[in-house]
Every structure is written in structure tokens, then in C-alpha cells.
Amino acid sequence: MPSCSASPWLHRCAIAGTAAASAVAVLVAARAVARRRHRHRAAALAAVSVPPWLKWLEESPFHYKVRLREWEDEDWRRDSGWQGSDLIHGGSSSAICVPCYFYSPAEMALKGPVIFGRSSESHRGFCHGGAMTSALDDVCGHVAFLAAGRGPWCGATVQVNCKLNKPVRSGQVLLLEGKVIKQDGKKVSVQASLSDEDGLVYATMEGLSIVGAKMQLEESNLDQREWRYDEVSRTIFDGSPSWHLESKQRG
Ligand SMILES: CCCCCCCC(=O)SCCNC(=O)CCNC(=O)[C@H](O)C(C)(C)COP(=O)(O)OP(=O)(O)OC[C@H]1O[C@@H](n2cnc3c(N)ncnc32)[C@H](O)[C@@H]1OP(=O)(O)O
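Residues numbered from 1 in each chain as written. Predicted model: local features only at pLDDT ≥ 70, side-chain atom pairs only at ≥ 80, totals over all residues. Heavy atoms only, no water.

*Asks:* Now, about the pattern of salt bridges: what can you tell me, with residues and values included?
*Replies:* It is possible for side chains bearing opposite charge to pair when their charged atoms get close. A full pass over the atoms with the stated rule returns 8 salt bridges. The partner of R67 in a salt bridge is E72, with the nearest N and O atoms 2.6 Å apart. With relative accessibility at 14%, the residue R67 sits in the buried group. Residue class for E72 comes out buried when judged on its relative accessible area of 11%. In this structure, D73 and R69 form a salt bridge, with 3.1 Å as the shortest nitrogen-oxygen distance. Residue classification places D73 among the buried positions, given a relative accessible area of 10%. (Salt bridge = Lys/Arg side-chain N within 4 Å of Asp/Glu carboxyl O. Buried < 20%, exposed > 50% of the residue type's maximum accessible area, 1.4 Å probe, protein only.)

*Asks:* Help me get a handle on the pairing of strand β8 (residues 201-211), residues and values and all.
*Replies:* Within β8, 8 of the 11 residues are buried, leaving the element largely enclosed by the surrounding structure. The pairing of strand β5 (residues 155-164) with β8 spans 9 bridges and is classified as antiparallel. Following the sheet pairing, C162 is matched in β8 by M205. Of the strand pairs in this sheet, strand β7 (residues 187-195) and β8 are connected by 9 bridges, and their pairing is antiparallel. Of the residues in β8, the one forming a bridge with L194 is A203. Remark: 5 residues form the turn of the hairpin made by β7 and β8, two consecutive strands paired antiparallel; G199 in that turn has positive phi of roughly 85°. (Helix = DSSP H or I, 4+ residues; strand = E, 2+ residues; numbered from the N terminus. Pairing = 2+ DSSP bridges.)

*Asks:* How would you sum up the UniProt feature "domain: Thioesterase" (unreviewed entry) in the chain? Please name residues and give values.
*Replies:* In this numbering, the UniProt entry assigns the feature "domain: Thioesterase" (unreviewed entry) to residues 125-201. For residues 125-201, the helix share is 26%, the strand share is 42%, and the end-to-end C-alpha distance is 19 Å. (UniProt positions renumbered as here; feature names shortened; annotations may be inferred.)

*Asks:* Break down the site of the ligand for me, with residues and values.
*Replies:* In the vicinity of the ligand there are 17 residues, among which D137, T157, Q159, K186 and K187 approach most closely. A distance of 2.9 Å is found between a nitrogen atom of the ligand and a backbone nitrogen or oxygen belonging to T157. Contact distances for the ligand include 2.7 Å between a nitrogen atom and a side-chain N or O atom of Q159. Of all the secondary-structure elements, those providing two or more residues to the shell around the ligand are α5 (129-148), β5 and β8. Residues that form the shell around the ligand fall into these classes: 8 nonpolar, 5 polar and 4 charged. (Near = heavy atom within 4 Å. Polar contact = N/O pair within 3.5 Å; in protein donor to acceptor, adjacent residues only side chain to side chain. Nonpolar A, V, L, I, M, F, W, Y, C, P; charged D, E, K, R; others polar.)

*Asks:* For the packing of aromatic side chains, give the residues involved together with the corresponding values.
*Replies:* Taken as a whole and assessed by the stated rule, the structure comprises 3 aromatic pairs. Ring geometry for Y64 versus Y229: centroids 5.0 Å apart, planes at 80°, classification edge-to-face. With Y64 in strand β1 (residues 64-67) and Y229 in strand β9 (residues 228-230), this pair connects stretches of sequence that are 165 residues apart. By relative accessible area, Y64 is classed as buried at 8%. Directly above the aromatic system of Y202 lies the positively charged group of K166, at a separation of 5.4 Å from the ring centroid. (Phe/Tyr/Trp six-rings, centres within 6.5 Å; stacked < 30°, edge-to-face > 60°. Lys NZ or Arg CZ within 6 Å of the ring centre and 35° of its normal.)

If you want it as C-alpha cells, here you go:
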């Protein structure tokens, strides 16, 4: 290091260089933290993944696993304008947790396990009817977006008419299924159900979702995303090119 008194200019350069190096170090550390958080989140989702009786969904040649970046990447989610965690796709600590969805284009049907967590409880040991309805609402929206072929969040669920047939125990894992039965312009009619391993039906829904609706006052690239199908991994991604590639590399 040159003498400071001998060369104030060199001294300033050295300080600037040190500051730049620190900034780079902070950036690298922040990236590492983000990557670690991402891995933890993916591990948390994997930990609550598909129960043995629904493993066939992972192996089915007719189904594609659906991956939305906002379900998996908390940092990206926060930086992209989301303000909280997803009611349904927020991971194992959620009251209602769908760890993954599988879509069959041929059937226009979306299926996935749903875990009603301890905080979904209402009456002693049983889960809240609103929790069952929320799960059905979620599948109604997402199956409509997939079947309409546009992209994620291209509309909303506007009707969920549910029939709650049997009480669901808090902690219970059920199969959540939604199927498009009709599309009339922007209106997509969906039938959905919650059933268990033995085929017992706990709830059914006749729902309506609207597609091609403007959901944000100011639209951004996020609202223009399209579904991307990856035939090798049998996955549907949310269409952000970098996310698609990064996810493929990670497997
Ligand atoms: C975002 C979804 C993610 C999926 C998983 C999560 C599910 C959700 O929680 S979604 C969030 C909860 N839902 C909402 O907040 C929806 C609130 N509603 C809305 O914002 C608006 O109704 C919106 C934007 C969806 C539709 O508005 P807009 O694009 O102006 O549609 P609009 O022209 O009024 O209606 C289109 C058609 O749908 C019909 N329609 C609209 N709402 C309803 C309704 N509730 N019931 C029956 N029909 C309806 C209209 O009658 C019209 O029919 P037609 O074409 O025959 O005349």
C-alpha cells in the first residue's frame, strides 16, 4: 500500500477500491443467502410432498407438475410485489397446504394433495369449512388458467358453490381435484372435489372462473407470463425464461 501522506490520490483510490470490494462481497453474500433460502423453501415444500397413495400423480405420463415461481422463491415473490405468503401454497406451516399440483391437458384437470394443517381447525378436531372452500377456490382458479392456455393469474375465481358432505379432520390429507367442464368466452365452469384414499368424497364444488380479465390496475411483465411446457421433466413453468432455465438446471 503506498504512503497516504505521499499520495492522497492513491489513498482515495485505495479507499474507493476497498468500498467497491465490500459492496461486491455484500452482493455475493446476499445472493448466497437468497440461494440458501430458496433451497430451504424447496426442501420445506418437498418435506410435505405427495403421500404414497397419490404418488401415481408424479409418475403419470399424462400429468405435468405445475411450478409457479411465487410459490417457491420467497425473495423473488417479495421483490415482485407480493405482500405476504400464499394461503394455499405457503408451505408446511400453512393452515391449508397444496405442496404441488399436477395438470392433465387431455382431461383439463388439475389434481394435488391438500393437507389441512392444525391451524385450519374449527370445531374440536375438525377443520373449518372455509378451509375446505379455500382449497376448492384455489383449484378452480388455477385449472381455469391452465385450460384457457393463457398464463398464471389471467383472471379470478368468481363463484364457488360448495357442498360440504363430510367433516375433514385437522391434519388430514385429501386429494383436491378440479376439472374444466365448459368454457363460454371468458367464463370457465369448473367442477371440483375433495376426496380421500378410499374415494370418500368430503366436498364438491361447482365453480366459475373468469379468464382474460385485467386483475391489476397497472400490468407488468408478470401479468404477461405464459405457461411453458417442458416435456423432458413433464413440468409446466410460469413462463419467466430465466426461472425456467434455472429450475431446469436445478432439476
Ligand atoms: C387470481 C386467481 C388465482 C386462483 C387461485 C385463487 C382463487 C382466488 O382466490 S381468486 C380471488 C378471489 N376472486 C376475486 O377477487 C374476484 C373478484 N371479481 C373481479 O375482480 C371481477 O369480477 C373480474 C375481474 C374477475 C371480472 O371482471 P371483468 O373482466 O370486468 O368481467 P365481466 O365483464 O364483469 O364479466 C365477464 C363475464 O363473467 C360473468 N361474471 C362475472 N362475475 C361473475 C360472478 N360472480 N358470477 C357469475 N358470472 C359472473 C359476467 O356476467 C360476464 O358474463 P357475460 O360475458 O356472459 O356477459
